[in-house]
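# Overview (structure and organization)
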Amino acid sequence: MTGPAQDDAEVAYMREVTALAESLIAAEDPYEVALDIHGVSAHASIEVDPAGYVYLIWGELTDWVELKPDEHEQAAAEMVRAAREWLSLDLADREDVARYLDYWVHDVCGYARRAGAGAD
């Protein structure tokens, strides 16, 4: 989807994630808010490009808590770091957002970069 509808949907999504990131930083345990970011991103990923990547990031972070409960504190610290870094972004700057997504999806979460259009 392109045009004004995409822009409106993306702006609304970015605002929602920003509000959730602010809540996450203030939360005693960021896990529940992280689940909200993951869920909002899953829903928005159909119409908003960045949402699919945000979904991957927060899925990885919430899975960390679920799959390695003994590392809950470390996972929570990474959730706070991801939220703080999101809040420091200029969301109107697509390159700034792309750098954040690239770093978190590939460097932190470990998803492989694709070599070419046909790569698996």
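Placed above this text is the structure.
Residues numbered from 1 in each chain as written. Predicted model: local features only at pLDDT ≥ 70, side-chain atom pairs only at ≥ 80, totals over all residues. Heavy atoms only, no water.

### Brief notes about the overall build of the chain
Each helix and strand in the chain was counted, giving five helices and zero strands. Order of helices (α) and strands (β) in the chain, N terminus to C terminus: α-α-α-α-α. In terms of overall dimensions, the chain has C-alpha extents of about 45 × 35 × 25 Å along its principal axes. Looking at the chain residue by residue over its 120 residues, the buried ones come to 38%. If you take every contact in the chain between residues at least 6 apart in sequence, the share linking residues at least 24 apart comes to 55%. Between the mean site of the 8 positive side-chain charges and the mean site of the 26 negative ones, the chain shows a separation of 6 Å. (Helix = DSSP H or I, 4+ residues; strand = E, 2+ residues; numbered from the N terminus. Buried < 20%, exposed > 50% of the residue type's maximum accessible area, 1.4 Å probe, protein only. Contact = heavy atoms within 4.5 Å. Lys, Arg positive; Asp, Glu negative; His and termini not counted. Charge placed at Lys NZ, Arg CZ, Asp CG, Glu CD.)

### Brief notes about helix α5 (residues 94-108)
For α5, built from 15 residues, the straight-helix expectation of 21 Å at 1.5 Å per residue is met to within 8% by its first-to-last C-alpha distance of 20 Å. Listed in full, the buried residues belonging to α5 are Asp96, Val97, Tyr100, Leu101, Trp104, Val105 and His106. The backbone nitrogen of Glu95 lies 3.0 Å from a side-chain oxygen of the residue at the head of α5, namely Asp93. Taken from the residues just after α5, Gly110 is the one with a positive phi, measuring 85 degrees. (Expected span 1.5 Å × (residues − 1). Polar contact = N/O pair within 3.5 Å; in protein donor to acceptor, adjacent residues only side chain to side chain.)

### Some points on a negative patch on the surface
Taken together, Glu16, Glu28, Asp29, Glu32 and Asp36 make up a surface patch of like negative charges. Relative to the assigned elements, Asp36 resides in helix α2 (residues 31-44). Look at Asp36 and you get partly exposed, because its relative accessible area is 42%. (Patch = residues over 30% accessible without salt bridge, like charges linked within 9 Å, V, L, I, M, F, W, Y side chains within 5 Å. Areas by Shrake-Rupley, 256 points an atom, 1.4 Å probe, with all protein chains shown as cover. Salt bridge = Lys/Arg side-chain N within 4 Å of Asp/Glu carboxyl O.)

### As for the pattern of salt bridges
Evaluated as defined, the whole model comprises seven salt bridges. Between Arg94 and Asp7 there is a salt bridge; the shortest N-O distance is 3.8 Å. A residue pair is termed long-range when its members are at least 10 positions apart, and Arg94 in helix α5 and Asp7 in helix α1 (residues 4-26) qualify at 87 residues. Taking relative accessible area as the criterion, Asp7 reaches 39% and is therefore assigned partly exposed. A salt bridge links Arg113 to Asp107; the shortest N-O distance between them is 3.3 Å. Taking relative accessible area as the criterion, Asp107 reaches 46% and is therefore assigned partly exposed. Three or more residues are tied together by salt bridges with common partners; here these are Asp7, Glu10 and Arg94.

### A few points about the packing of aromatic side chains
If you walk through the whole model with that rule in mind, you get three aromatic pairs. Where Trp86 meets Tyr100, the ring centres are 5.5 Å apart and the plane angle is 70 degrees; that geometry is what we call edge-to-face. Placement of Trp86 in helix α4 (residues 72-87) and of Tyr100 in helix α5 is noted, with a sequence separation of 14 residues between them. With relative accessibility at 3%, the residue Trp86 sits in the buried group. Among the aromatic side chains, those forming a connected cluster through ring pairs are Trp86, Tyr100, Tyr103 and Trp104. (Phe/Tyr/Trp six-rings, centres within 6.5 Å; stacked < 30°, edge-to-face > 60°.)

### Focus on helix α3 (residues 49-67)
Spacing of three or four residues puts side chains on the same side of an α-helix, whose turn is 3.6 residues. Taking 1.5 Å as the rise per residue, α3 with 19 residues should run 27 Å; its terminal C-alpha atoms sit 28 Å apart, in good agreement. If you check which residues of α3 are buried, you get Pro50, Ala51, Val54, Ile57, Trp58, Gly59, Leu61, Thr62 and Val65.

### Section: the packing of α3 against α5
Packing of α3 against α5 leaves a shortest axis separation of 9 Å and a crossing angle of 35 degrees. The two elements α3 and α5 meet at a crossing, and its hand is left-handed. Within the contact between the two elements, α3 uses Pro50, Tyr53, Val54, Leu56 and Ile57 and α5 uses Tyr100, Leu101, Trp104 and Val105. (Axes fitted to C-alpha atoms, helices over the stretch in contact; angles between N-to-C directions. Left-handed = near helix turned anticlockwise from the far one by under 90°.)

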